[in-house]
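Residues per chain, in single letters:
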Amino acid sequence: MTDSAHRNLRVWKEARALSLSIYRVTSSFPMTERFGLTQQIRRSTTSVGANIAEGYGRSGKKEFKNFLSIARGSAKETEYFLLLAKDLGFLSETEAAGLICRYEGLCAGLAALAKQVG
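These numbers were taken from a predicted model, which means no experiment stands behind them. (Residues numbered from 1 in each chain as written. Predicted model: local features only at pLDDT ≥ 70, side-chain atom pairs only at ≥ 80, totals over all residues. Heavy atoms only, no water.)

J.: Looking at this structure, I do not really get the overall build of the protein chain. What am I missing?
T.: Across its full length, the protein chain carries four helices and zero strands. In sequence order, the protein chain lays out its α and β elements as α-α-α-α. For the protein chain, the C-alpha radius of gyration of 15 Å lies close to 13 Å, the compact-globule estimate for 118 residues. Principal axes of the C-alpha set define a box for the protein chain whose edges measure 45 × 25 × 20 Å. For the protein chain, the proportion of its 118 residues judged to be buried stands at 41%. In the protein chain, of all internal contacts separated by at least 6 residues, the share reaching a separation of at least 24 is 70%. Carbon together with sulfur atoms contributes 53% to the accessible area of the protein chain, which is approximately 6800 Å² in total. Considering the protein chain, the positive charge centre built from 17 side chains and the negative charge centre built from 11 side chains are found 7 Å apart. (Helix = DSSP H or I, 4+ residues; strand = E, 2+ residues; numbered from the N terminus. Rg over C-alpha atoms; globule rule 2.2 N^0.38 Å. Buried < 20%, exposed > 50% of the residue type's maximum accessible area, 1.4 Å probe, protein only. Contact = heavy atoms within 4.5 Å. Areas by Shrake-Rupley, 256 points an atom, 1.4 Å probe, with all protein chains shown as cover. Lys, Arg positive; Asp, Glu negative; His and termini not counted. Charge placed at Lys NZ, Arg CZ, Asp CG, Glu CD.)

J.: Sorry if this is basic, but what is going on with the pattern of salt bridges here?
T.: Any two side chains of opposite charge can pair if their charged atoms end up close together. Enumeration over the complete set of coordinates arrives at six salt bridges. Taking the shortest distance from any N to any O, the salt bridge between Lys86 and Glu93 comes out at 3.8 Å. Overlapping salt bridges bring together Glu54, Arg58 and Glu63 as one network. (Salt bridge = Lys/Arg side-chain N within 4 Å of Asp/Glu carboxyl O.)

Just distances and angles here, no functional claims.
The following block contains the structure:
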């Protein structure tokens, strides 16, 4: 496998796509949230893909599984921020529900990959 083989993982591809979606939806958040919720949700979403990549680049299965767990935690954190954004009126019910559903699928994929890794 090559050093960039993590880019072929379904979970990494979905994490990347979700990060792009989050950047798009947060661009319409109020400017007063630029250093608040906008920054927090962007950090949590980018952490998912970054942890998958970092874990893949580590030397062993145990480390990779640990980073997959961290990635899952960041995905759950992003789900919380999406609910908060909906509650604050920054996202519609439909937007939030669609993104949360995708994050739930990503979390399931991360758990499945962790089991597969052993």
